[in-house]
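# An overview of the molecular structure
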There are 2 protein chains.
Amino acid sequence: MLLINPLNKRNIMNSNMEKPYVVGIDIGGTNTVFGIVDARGTIIASGSIKTGAYEQADDYVNEVCKNLLPLIIANGGADKIKGIGIGAPNGNYYSGTIEFAPNLPWKGVIPLAAMFEERLGIPCALTNDANAAGIGEMTYGAARGMKDFIMITLGTGVGSGIVINGQMVYGHDGFAGELGHTIIRRENGRLCGCGRHGCLETYCSATGVARSAREFLTASTEPSLLRSIPAENITSKDVYDAAVQGDKLAQDIFEFTGTILGEALADFIAFSSPEAIVLFGGLAKAGDYIFKPIQKAIDNNVLSIYKGKTKLLASELKDSDAAVLGASALGWELRDMK
Amino acid sequence: MLLINPLNKRNIMNSNMEKPYVVGIDIGGTNTVFGIVDARGTIIASGSIKTGAYEQADDYVNEVCKNLLPLIIANGGADKIKGIGIGAPNGNYYSGTIEFAPNLPWKGVIPLAAMFEERLGIPCALTNDANAAGIGEMTYGAARGMKDFIMITLGTGVGSGIVINGQMVYGHDGFAGELGHTIIRRENGRLCGCGRHGCLETYCSATGVARSAREFLTASTEPSLLRSIPAENITSKDVYDAAVQGDKLAQDIFEFTGTILGEALADFIAFSSPEAIVLFGGLAKAGDYIFKPIQKAIDNNVLSIYKGKTKLLASELKDSDAAVLGASALGWELRDMK
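Only a predicted model underlies this, so the values are computations on that prediction, with no experimental measurement involved.

Our focus in this paragraph is the nonpolar core. Ranked by size, the top nonpolar core spans 96 residues in total, and within it I152 of chain A together with I152 and L226 of chain B carry the most contacts. For I152 of chain B, the residues in contact, after removing those within four places along its chain, are V158, G159, S160, L179, L265, F268, I277, V278, L279 and F280 of chain B. Core analysis: the second largest hydrophobic core is formed by 34 residues, F34, I86, I98 and F116 of chain A among them.

What follows concerns the interface of chain B and chain A. Facing 42 residues of chain B, the contacting portion of chain A comprises 42 residues. Approximately 3,600 Å² of surface area, both sides summed, lies buried where chain B meets chain A, with 54% of it carried by carbon and sulfur atoms. On the chain B side of the contact with chain A, H172, R186 and F271 of chain B bury the most area, a combined 23% of that side's loss. On the surface where chain B and chain A come into contact, there are six salt bridges. We note a salt bridge from R186 of chain B to D267 of chain A, for which the minimum N-O separation is 3.0 Å. Where chain B touches chain A, the interface holds 24 residue pairs in polar contact (both at pLDDT 80 or more). Of the residues forming the side of chain B that touches chain A, the biggest block, six residues, is contributed by helix α8 (residues 248–272) of chain B. Class assignment of the residues belonging to the side of chain B that touches chain A gives a composition of 20 nonpolar, 11 polar and 11 charged.

Residue and element names in this part refer to chain B. Of note, F100 is a non-glycine position whose phi angle comes to about 50°, a positive value. A positive phi angle, close to 50°, is found at N165, a residue other than glycine. Classification of N165 by relative accessible area gives partly exposed; the value is 22%.

Residues and elements named next belong to chain A. Taken domain by domain, chain A holds domain 1 (9–139 + 320–331) and domain 2 (146–315). Computed over C-alpha atoms, the centres of domain 1 and domain 2 are 28 Å apart. Contacts between the two partners involve 17 residues from domain 1, matched on the other side by 21 residues from domain 2. In total, about 1,400 Å² of surface goes out of reach between domain 1 and domain 2, with carbon and sulfur atoms giving 63% of it. At the junction of domain 1 with domain 2, the criterion picks out zero salt bridges. Here domain 1 is connected to domain 2 by three residue pairs in polar contact (both at pLDDT 80 or more). Elements supplying a minimum of two residues to the side of domain 1 that touches domain 2: β5 (91–92), α4 (129–140) and α10 (319–331). Looking at which element gives the most residues to the side of domain 1 that touches domain 2, the answer is α4, with seven residues. Considering only residue class, the side of domain 1 that touches domain 2 consists of eight nonpolar, seven polar and two charged.

The subject of this paragraph is the sheet that holds strand β6 (residues 97–99) of chain B. Residue and element names in this part refer to chain B. Ordered by their spatial adjacency, three strands build an open sheet running β5-β6-β7, and the pairing between neighbours is antiparallel. Unpaired on one side and paired on the other, β5 (91–92) and β7 (109–110) mark the two borders of the sheet. Sheet topology places β6 next to β7; two bridges connect them, and they run antiparallel. In the sheet register, E99 faces β7, and the bridge partner there is V109.

Following the criterion strictly, the structure yields three cavities of 30 Å³ or more and no others. Lining the largest cavity are 17 residues, with T182, D267 and F268 of chain A together with D267 and F268 of chain B positioned closest to its centre. For the lining of the largest cavity, the elements supplying multiple residues, two or more each, are α8 (248–272) of chain A together with α8 of chain B. In terms of residue class, the lining of the largest cavity is built from 11 nonpolar, two polar and four charged. Of the voids in this model, the second largest cavity is the one considered here, and its volume is about 120 Å³. Taken together, I183, I184, R185, R186 and E187 of chain A together with I183, I184, R185, R186 and E187 of chain B make up the full set of residues lining the second largest cavity.

The next thing to look at is the pairing of strand β10 (residues 158–164) of chain B. All names here are of chain B. For β10, a buried count of seven out of seven residues is recorded, marking the element as mostly surrounded by other parts of the structure. What you see with β10 is no split at all: V158, S160, I162 and I164 on one side and G159, G161 and V163 on the other are buried throughout. Connecting the antiparallel pair strand β9 (residues 149–154) and β10 is a turn made up of three residues. Alignment of β10 against strand β11 (residues 167–168), held across two bridges, turns out to be antiparallel. Following the sheet pairing, I164 is matched in β11 by Q167. The antiparallel hairpin formed by β10 and β11 contains two residues in its connecting segment, where N165 sits at a positive phi of about 50°.

This part is about the packing of aromatic side chains. Here the structure, examined in full by the defined rule, presents 23 aromatic pairs over all chains. Summarising the aromatic geometry, the rings of Y240 of chain A and F254 of chain A are spaced 6.5 Å apart at their centres and angled 80° between planes, so their arrangement reads as edge-to-face. Taken together, the residues span a long stretch of sequence, with Y240 of chain A in helix α7 (residues 236–244) and F254 of chain A in helix α8 at a distance of 14 residues. Take F254 of chain A: its relative accessible area is 1%, and that puts it in the buried class. These aromatic residues form a ring-pair network of at least three members: F268 and F271 of chain A together with F268 and F271 of chain B.

All names here are of chain A. Following the criterion strictly, the structure yields 26 salt bridges over all chains and no others. With a shortest N-O distance of 3.8 Å, E316 and R144 are connected by a salt bridge. Of this pair, E316 sits in the loop between β13 (311–314) and α10 while R144 sits in the loop between α4 and β9 (149–154), and the two are 172 residues apart along the sequence. According to the relative accessible area criterion, E316 is exposed, its value standing at 52%.

The rules behind each value
Residues numbered from 1 in each chain as written. Chains lettered and ligands numbered in written order. Predicted model: local features only at pLDDT ≥ 70, side-chain atom pairs only at ≥ 80, totals over all residues. Heavy atoms only, no water. Core = buried A, V, L, I, M, F, W, Y, C linked by side-chain atoms within 4.5 Å. Buried < 20%, exposed > 50% of the residue type's maximum accessible area, 1.4 Å probe, protein only. Contact = heavy atoms within 4.5 Å. Buried area = accessible area lost by both parts, 1.4 Å probe. Salt bridge = Lys/Arg side-chain N within 4 Å of Asp/Glu carboxyl O. Polar contact = N/O pair within 3.5 Å; in protein donor to acceptor, adjacent residues only side chain to side chain. Helix = DSSP H or I, 4+ residues; strand = E, 2+ residues; numbered from the N terminus. Nonpolar A, V, L, I, M, F, W, Y, C, P; charged D, E, K, R; others polar. Domains from an automatic or database assignment. Pairing = 2+ DSSP bridges. 1 Å grid on protein atoms, 1.4 Å probe; cavity = no way out; pocket = protein on both sides within 12 Å on 5 of 7 lines; lining within 4 Å. Points joined across faces, edges and corners; volume = space filled by probe spheres on them. Phe/Tyr/Trp six-rings, centres within 6.5 Å; stacked < 30°, edge-to-face > 60°.

Structure, rendered in structure tokens:
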């Protein structure tokens, strides 16, 4: 993996002349999606393979390259590619490795960036999926031109990518920015997959919302459209659909979720005083149902010097494209190989 | 106020040749202390005036200059001074102003950096006291050579200075890093001077420790040396003195304080994954009484990927010198005036 320039829009412009494209590879637990992206954030070619089908990381990387290379060749060859960015769970930017990723088939430390670089001869960088989303938002989305913002991804878990002084925050070890695992409820907090209690993720992820739904349905006998769904099958999408239909209990679940998230965001603001917080993922699509309680909770909880200063924004990247775009954005930062 | 280079040790070395000194001015509610400092962090001349004696900021700045100028002249003149750094409560680095500082005599927004620059003809920068402490620690103290660390000042309040990628974090508005005002107890949290409840500062400042002492003494009939002091007069120093003499209740107060601080630090680590957290101020002098419970609480509360990675350090700056040294360190970052 090669060293990287500080994030800087001008790099994109300069590099456009000769190398107009980047490649983004998003490695998910189920699918790996990859695409070739231009400087405006248009995906000009893309493909995907099943991540879980390859027990050996070598076979997996070979298969990605087998599918990706024809796309590269069809668009002018490797010479037209400025760099490859990879977004992966447990990705470490400094080492270009994924480390002990529980949802991927390969155990231990896998030097994915180096493996792709070696096969394709194109500079390659890797980071975790939430950081990639943050870089994507800064390059193509709602955080264009911002130097200080926090990206919060609300998916199965809660992820975060923090940008300060125009730079992604990786910390001394490459693992900074796990805001989904800050403790928002110290007493009687929900058990988290990480083994601790009260993590933000247990309340404000899609699974956290489903968990809240089951709790709310058990705690009262209030009528709700959600009662027609077997409790263990309820998803955050079901809660949204019910809320849109005017279901009070479903709306209360969003109120509860948004309030908790807003309380947490108020503390994050005291850390880095960002210009904006950008929300991405299914929950962020719930519009006012989630944004209003979040904003209210921020206003009620933030220290007065920060009040009204930090914008709360929804991601401007299309869901289907965001993962590849985010990963690809890392590619603009890469220097040419020597 | 002039623009400033990213923090960079080489600046010090380069500038030493012609301009071997900086000036630090620490503006406290009671005293203003100033000094001339060399590149090794030795204060070669210093003085002080009473901050509160000057109702007009103009008179105040004139008086500081009147006292400071003879020291500058005695040490080679303004040409030998690389820059002036000012540490002040509610100081805004971007604007060089102090803004609505409740403990200073001047109301509204005061352009202190520009006022000193105008009178002395030396580039001048200003930041809040906790940020100054952080820069001081990075330049002369326990965080030398570190690019990612968090400074926590445990005084009358709890302040913080956050360094990421070798740069002080100021946020989009200059007010980032108020970790003393993150909420550590959401239910039944103590009322804070900021008007909210449960701020870290209400538990882990010197006044927070005194408050805990009063609570502990009321909550039990356990014998304690502290019972010989009128409750309203107890200070954190009294608690320390009692703890050193083996007083169990006093030791429990430190255990309580350290546990809460460690819980908070575990969350801060999830934000920026710092190489170290440096503690400064009276409480940090309580040694193992406070460091052991802090470390234990960090270990018990931090997400597993961070476990054992972040060092917990005591400041290496002498209490009496730290404020001036911290402020002065900002002076090395300044560019010459044109």
